[in-house]
Amino acid sequence: MSYALYKYELEEHLAYWRAGMIRDRDEFLFVVTEHSGDVAMLLLTAKGKLFINEQAREKLQLLWHSPGVYANNLKLFLPMMTEQLESNELWVTGVKTAVAPA
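What counts, and at which threshold
Residues numbered from 1 in each chain as written. Predicted model: local features only at pLDDT ≥ 70, side-chain atom pairs only at ≥ 80, totals over all residues. Heavy atoms only, no water. Helix = DSSP H or I, 4+ residues; strand = E, 2+ residues; numbered from the N terminus. Buried < 20%, exposed > 50% of the residue type's maximum accessible area, 1.4 Å probe, protein only. Contact = heavy atoms within 4.5 Å. pLDDT = per-residue confidence, 0-100. Pairing = 2+ DSSP bridges. Axes fitted to C-alpha atoms, helices over the stretch in contact; angles between N-to-C directions.

**Quick word on the side chain of threonine 45**
The residue threonine 45 is located in strand S2 (residues 38-45) in this model. Given a relative accessible area of 13%, threonine 45 falls into the buried group. With near-sequence residues (within four places) excluded, threonine 45 lies in contact with Arg18, Met21, Glu27, Phe28, Phe51 and Lys59.

This is how it looks when you write it as structure tokens:
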């Protein structure tokens, strides 16, 4: 993953995304961008902790730690993510965790 791409395309939007997270009461937000084969990702927690690129991916795996959740969510998100990235848009999603009823 490209730190330079993070700096160029993502870093300047952090305050905006943080405000949106607070407004929407998201537990975390993650963003992916792609340019000329380079990819950058960030994950921002509700407490304001920022994870970039590989650390963001690792944190996402920890947040979605239950068996199959990470893989299933990626399968769900990938079509939408691909479509937006192909349109030269950032892919941004805020996440709220729901607890399944017993």
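Picking up after the structure, the text goes on.
**A look at unusual backbone geometry**
One non-glycine residue, asparagine 53, lies in positive phi territory at about 55°. The residue asparagine 53 is located in the loop between strand S3 (50-52) and helix H3 (54-63) in this model. The phi torsion at asparagine 88 lies on the positive side, around 60°, for a residue other than glycine. Structurally, asparagine 88 is set in the loop between helix H4 (69-86) and strand S4 (91-95).

**Brief notes about the confidence of the model for the protein chain**
Per-residue confidence for the protein chain gives a mean pLDDT of 91; residues scoring 70 or more make up 95%. For the protein chain, H4 is the element with the lowest average pLDDT, namely 89, and S3 is the one with the highest, namely 97.

**Observations regarding the sheet that holds S2**
Spatial strand order, S3-S2-S1-S4: four strands in an open sheet with antiparallel pairing. The open sheet is flanked by S3 and S4, the only strands paired with a single partner. Here the average twist between neighbouring strands, direction ignored, is 15°. Pairing geometry for strand S1 (residues 28-35) and S4, over five bridges, is antiparallel. Residue pairing across strands places phenylalanine 28 opposite valine 95, the latter belonging to S4. Across the sheet, helix H1 (residues 3-10) lies against S1, S2 and S3, angled at about 65° from S2, the strand it touches most.

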